[in-house]
Amino acid sequence: MSDIGAFVNLDDDLFLGTSEKMDVVKDEKVDSKIKIIKIIFFALCVILLGELVAYKFVMPSLSSPTVSVNGVKHFSADDICNKLSAVDNTNWFTFDVNKAAAILSSEPVIESVVVEKHFPDKVTVDIKERERVALTFIIENGCSTALQIDKNGVLFPCTKETVFDSNIVPIISGLPVEYMAGGMRIPNKYKPLIDQISKIGGLPQKYFASIAEICVIPKEYGNYELALIPSQSHVRVLTDRALNEDSLKYMMVVLDVVNQLGSDVSEIDLRYGSVSYRTK
């Protein structure tokens, strides 16, 4: 009996061992399936990420970039885009920012420009236009044409949006400018005059509201003097090249005195530190 019992116990051990092996095989199959699922899931994630990158970055960069323009006053954004038509804008990669900047910098009205690309499909154009401090006129084809002058003495043409306000921007006549060319400057010897006008224009008092015209009178040896035409009087005021707040205040005081005297004065001379006048 004892031998038979031992035999039975041995069979039970064999059965249990086989069962454990089957459980191990089953666990390995489950692990394999989990690994396969993980691989498939990872592959799908990679594919999804690739499509996302393609749609969000690659495809936009292969189309024409979107151009945004900042800082324009005399131009519209469409005008700037039309000027950039010579730049290859087939896609973001082919857009040449240096060429675009060079094209826009050639415009006399534009003082500085910065063109930048932003991946994947954006181009920004930041423009600083010239600010006029004075106006002058030239004769072209028998017609008088107005030109603007910035603080650096650069001449640039008026546009359809240009507003003539003599209370803020004075008119200068007598400058040796006979034609207009892109980026053209007035002669260097007149640069101090532009500096003085720029400083006066920045003052809170609107001194140029009382001056209709600033005439440049050439002298021998390359020097020049000024003649100011008051807006409320027909009297011409001769002065030297020192145009500043004090000289303008002095001119106004003299004009008030002359007007009160009721004299038939056509010209006042403030040069050489004295006051003299000429009657009609």
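Structure: see above.
Now for a quick tour of the structure.

Calculation rules
- Residues numbered from 1 in each chain as written.
- Predicted model: local features only at pLDDT ≥ 70, side-chain atom pairs only at ≥ 80, totals over all residues.
- Heavy atoms only, no water.
- Helix = DSSP H or I, 4+ residues; strand = E, 2+ residues; numbered from the N terminus.
- Buried < 20%, exposed > 50% of the residue type's maximum accessible area, 1.4 Å probe, protein only.
- Contact = heavy atoms within 4.5 Å.
- Areas by Shrake-Rupley, 256 points an atom, 1.4 Å probe, with all protein chains shown as cover.
- Polar contact = N/O pair within 3.5 Å; in protein donor to acceptor, adjacent residues only side chain to side chain.
- Pairing = 2+ DSSP bridges.
- Patch = residues over 30% accessible without salt bridge, like charges linked within 9 Å, V, L, I, M, F, W, Y side chains within 5 Å.
- Salt bridge = Lys/Arg side-chain N within 4 Å of Asp/Glu carboxyl O.
- Axes fitted to C-alpha atoms, helices over the stretch in contact; angles between N-to-C directions.

Notes on the overall build of the chain
Move 1: If you tally the helices and strands in the chain, you get five helices and twelve strands.
Move 2: Among the 280 residues that make up the chain, the fraction classed as buried is 30%.
Move 3: For the chain, the share of sequence-separated contacts (at least 6 apart) that also reach a separation of at least 24 residues comes to 49%.
Move 4: Approximately 17600 Å² of the chain is accessible, and the part contributed by carbon and sulfur atoms is 58%.

What about the side chain of Thr136?
Move 1: With respect to the helices, strands and loops of the structure, Thr136 is situated in strand β4 (residues 132–140).
Move 2: A relative accessible area of 2% means that Thr136 is categorised as buried.
Move 3: In terms of polar contacts, Thr136 uses its side chain to reach the backbone carbonyl oxygen of Ile172, at 2.9 Å.
Move 4: If we skip the residues at most four places from it in the chain, Thr136 touches Thr145, Ala146, Leu147, Ile149, Leu155, Ile172 and Leu175.

What about the pairing of strand β12 (residues 276–279)?
Move 1: Examined bridge by bridge, strand β11 (residues 265–269) and β12 share four bridges and lie antiparallel to one another. Bridge pairing in β12 places Glu267 opposite Arg278.
Move 2: Hairpin geometry of β11 and β12 is characterised by an intervening segment of six residues between the two adjacent antiparallel strands and by a positive phi of about 65° at Tyr272.

Some points on a nonpolar patch on the surface
Move 1: A cluster of nonpolar side chains, namely Ile36, Ile40, Leu44 and Ile47, defines an oily patch on the protein surface of about 390 Å² accessible area.
Move 2: As for its placement among the helices and strands, Leu44 is situated in helix α1 (residues 2–61).
Move 3: Look at Leu44 and you get exposed, because its relative accessible area is 51%.

Thoughts on the sheet that holds β11
Move 1: With mixed pairing, six strands are arranged side by side in an open sheet as β7-β8-β9-β10-β11-β12. Every interior strand has two partners, whereas the edge strands, β7 (172–173) and β12, have only one.
Move 2: Across three bridges, the pairing between strand β9 (residues 224–230) and strand β10 (residues 236–239) is antiparallel. Bridge pairing in β10 links Leu228 to Val237.
Move 3: Strands β8 (211–218), β9, β10 and β11 of the sheet are contacted by helix α5 (residues 245–261), whose axis makes an angle of about 145° with β11.

Shape descriptors only; they carry no functional weight alone.
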